[in-house]
Amino acid sequence: MTKLAQWLCGLALLGSAWAALALSPPGLRLPAPCRQALLPLPVYLLVAFGCYALATVGYRLATFNDCEEAAAELREHISAAREDLRRRGLRF
Amino acid sequence: MAAGGAGKVSVLLPTYEERHNLPLVVWLLVRTFQDSGIDFEIIIIDDGSPDGTQEVAEQLEKIYGSDKILLRPREKKLGLGTAYIHGMKYASGDFIVIMDADLSHHPKFIPEFIRKQKEGNFDIVSGTRYKGNGGVHGWDLKRKLISRGANFITQVLLRPGASDLTGSFRLYRKDVLQKLMEKCVSKGYVFQMEMIVRARQLGYTIGEVPISFVDRVYGESKLGGNEIVSFLKGLLTLFATT
């Protein structure tokens, strides 16, 4: 099953469960307070996921290492390499 | 410190216009392998660079010997995937390391890759910029945001089980790379991503080692709108087909 199919299955499952509970015909209705909480649930979940995404990306952005030492070390290694290669007769 | 029977490593270096970086990267590779006592060979696949990369490569072959430096050039620019297939034909190592020749990947991580591989007997060891001490140098905030954002979306959609999908500093078991090359069809960034996704499908194990990525010291590195669009297209293709 492709990732797309997995997503569609998951969404269909959750969607139909939600629809059955929230939009059921009058005779089978859940108590009013439950329905009132259920109706906007998909929107809440979407907003919550959006917040999670923003927070995660923001946190990872803020903690992305800059690797200053690695760059300094590389510069050192480069000049050592240049010197040694020249000594061995390489024409750059 | 000898790595005792670690198995031979073949490094594939596809190059295009890297005459300034190639000698430096080869020097670093040779020093790293000699210091750690790992048997190695470096296969340089130059795609007919007009800047004389090949001439420099020939000088390196003379300095280090044709058993260590293998020149396997091609006529013209034919792309990364086919460069790996081409280079692999000549590789005699048990493991293959693929990396960029522009000095953004430091060879010092290769012994860590090998240690990691032994530790878990992994089929693939992937360098990751997104974990532990890993990171990047020389990226502005916008570039970092795009990178983190793209990585997040990829993780959500594909759940690949590896943190750095678009990185190209990895060690593969030779037969594993061969199998993967047969399956992968994408280009550019997406190619690296597809390799990991297919590897998971085929049940290969993946270990990760944090790496620092130092963006091109010489020459321009570019991330244009085109690349973002082709990345998204590739991501959605993988999402719908794997």
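Cut-offs used in this document
Residues numbered from 1 in each chain as written. Chains lettered and ligands numbered in written order. Predicted model: local features only at pLDDT ≥ 70, side-chain atom pairs only at ≥ 80, totals over all residues. Heavy atoms only, no water. UniProt positions renumbered as here; feature names shortened; annotations may be inferred. Helix = DSSP H or I, 4+ residues; strand = E, 2+ residues; numbered from the N terminus. Buried < 20%, exposed > 50% of the residue type's maximum accessible area, 1.4 Å probe, protein only. Polar contact = N/O pair within 3.5 Å; in protein donor to acceptor, adjacent residues only side chain to side chain. Pairing = 2+ DSSP bridges. Phe/Tyr/Trp six-rings, centres within 6.5 Å; stacked < 30°, edge-to-face > 60°.

With an unreviewed UniProt entry as reference, chain B is termed Dolichol-phosphate mannosyltransferase subunit 1, source organism Cairina moschata. Under Sequence similarities (unreviewed entry), UniProt gives the following word-for-word description of chain B: "Belongs to the glycosyltransferase 2 family." What UniProt states about chain B under its Subcellular location (unreviewed entry) heading is, verbatim, "Endoplasmic reticulum".

The name recorded for chain A in an unreviewed UniProt entry is Dolichol-phosphate mannosyltransferase subunit 3, from Asarcornis scutulata. UniProt's Subunit (unreviewed entry) comment on chain A is quoted here verbatim: "Component of the dolichol-phosphate mannose (DPM) synthase complex." UniProt's Subcellular location (unreviewed entry) comment on chain A is quoted here verbatim: "Endoplasmic reticulum membrane".

(A) Up close: the overall build of chain A. The helix and strand tally for chain A stands at 4 helices and 0 strands. N-terminal to C-terminal, the α/β element order of chain A is α-α-α-α. Oriented by its inertia axes, the alpha-carbon framework of chain A measures out at about 90 × 30 × 10 Å. Going through the 92 residues of chain A one by one, you find that 22% of them count as buried.

(B) Here's a closer look at the side chain of B:Thr53. Residue position: B:Thr53 is located in helix H2 (residues 53-64). Within the local environment of B:Thr53, its side chain forms a polar contact with the backbone nitrogen of B:Glu18, the two atoms lying 3.0 Å apart.

(C) Structural view of the pairing of strand S7 (residues 170-173) of chain B. Residues and elements named next belong to chain B. Of the two faces of S7, the one holding Arg-170 and Tyr-172 and the one holding Leu-171 and Arg-173 are both buried throughout. Relative to S7, strand S4 (residues 95-98) runs antiparallel, the two sharing 4 bridges. When the sheet's bridge partners are listed, Ile-98 is paired in S7 with Arg-170. Sheet topology places strand S5 (residues 124-128) next to S7; 3 bridges connect them, and they run antiparallel. Looking at the pairing, Ser-126 lines up with Arg-170 of S7.

(D) Examining the packing of aromatic side chains more closely. Enumeration over the complete set of coordinates arrives at 10 aromatic pairs over all chains. Residues A:Phe64 and B:Trp139 carry aromatic rings whose centres are separated by 6.4 Å and whose planes lie at 90° to one another, so their mutual orientation is edge-to-face. Of this pair, A:Phe64 sits in the loop between helix H3 (41-62) and helix H4 (68-87) while B:Trp139 is found in the loop between strand S6 (135-137) and helix H5 (141-158), placing the two residues in two different chains. Judged by its relative accessible area of 5%, A:Phe64 falls in the buried class.

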